[in-house]
Amino acid sequence: MKRTIILLSACLIGLASCKNTAEPNVYSILTEANAFQTKADAVAAVNGVVCPFETTKRN
């Protein structure tokens, strides 16, 4: 009986804690909020992608 109560309590606690409150971040849709605002923003984004490849090419 004690084992059943413990198992049931663990299941109820596990189910009660599973709330999906996180909002997914969608990066594939381009909006004014996540688009590049200036030329410097675009250059920084390209440099962030290109720089890791340049360092691996030299090694």
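Structure: see above.
The structure presented is a predicted model; accordingly, all values stated were derived computationally and were not measured.

Rules of the game
- Residues numbered from 1 in each chain as written.
- Predicted model: local features only at pLDDT ≥ 70, side-chain atom pairs only at ≥ 80, totals over all residues.
- Heavy atoms only, no water.
- Helix = DSSP H or I, 4+ residues; strand = E, 2+ residues; numbered from the N terminus.
- Buried < 20%, exposed > 50% of the residue type's maximum accessible area, 1.4 Å probe, protein only.
- Areas by Shrake-Rupley, 256 points an atom, 1.4 Å probe, with all protein chains shown as cover.
- Patch = residues over 30% accessible without salt bridge, like charges linked within 9 Å, V, L, I, M, F, W, Y side chains within 5 Å.
- Salt bridge = Lys/Arg side-chain N within 4 Å of Asp/Glu carboxyl O.

Undergrad: When you look at the overall build of the protein in this model, what are you seeing that I'm missing?
TA: Scanning the protein from N- to C-terminus turns up 2 helices and 0 strands. Residues counted as buried form 0% of the 59 residues belonging to the protein. Of the roughly 6,000 Å² that the protein leaves accessible, carbon and sulfur atoms contribute 65%.

Undergrad: I tried to follow a nonpolar patch on the surface on my own but got confused; where do I start?
TA: Taken together, the side chains of Val46, Val49, Val50 and Phe53 define a hydrophobic patch exposed on the protein surface, amounting to about 380 Å² of accessible area. The exposure class of Val46 is partly exposed, given its relative accessible area of 48%.

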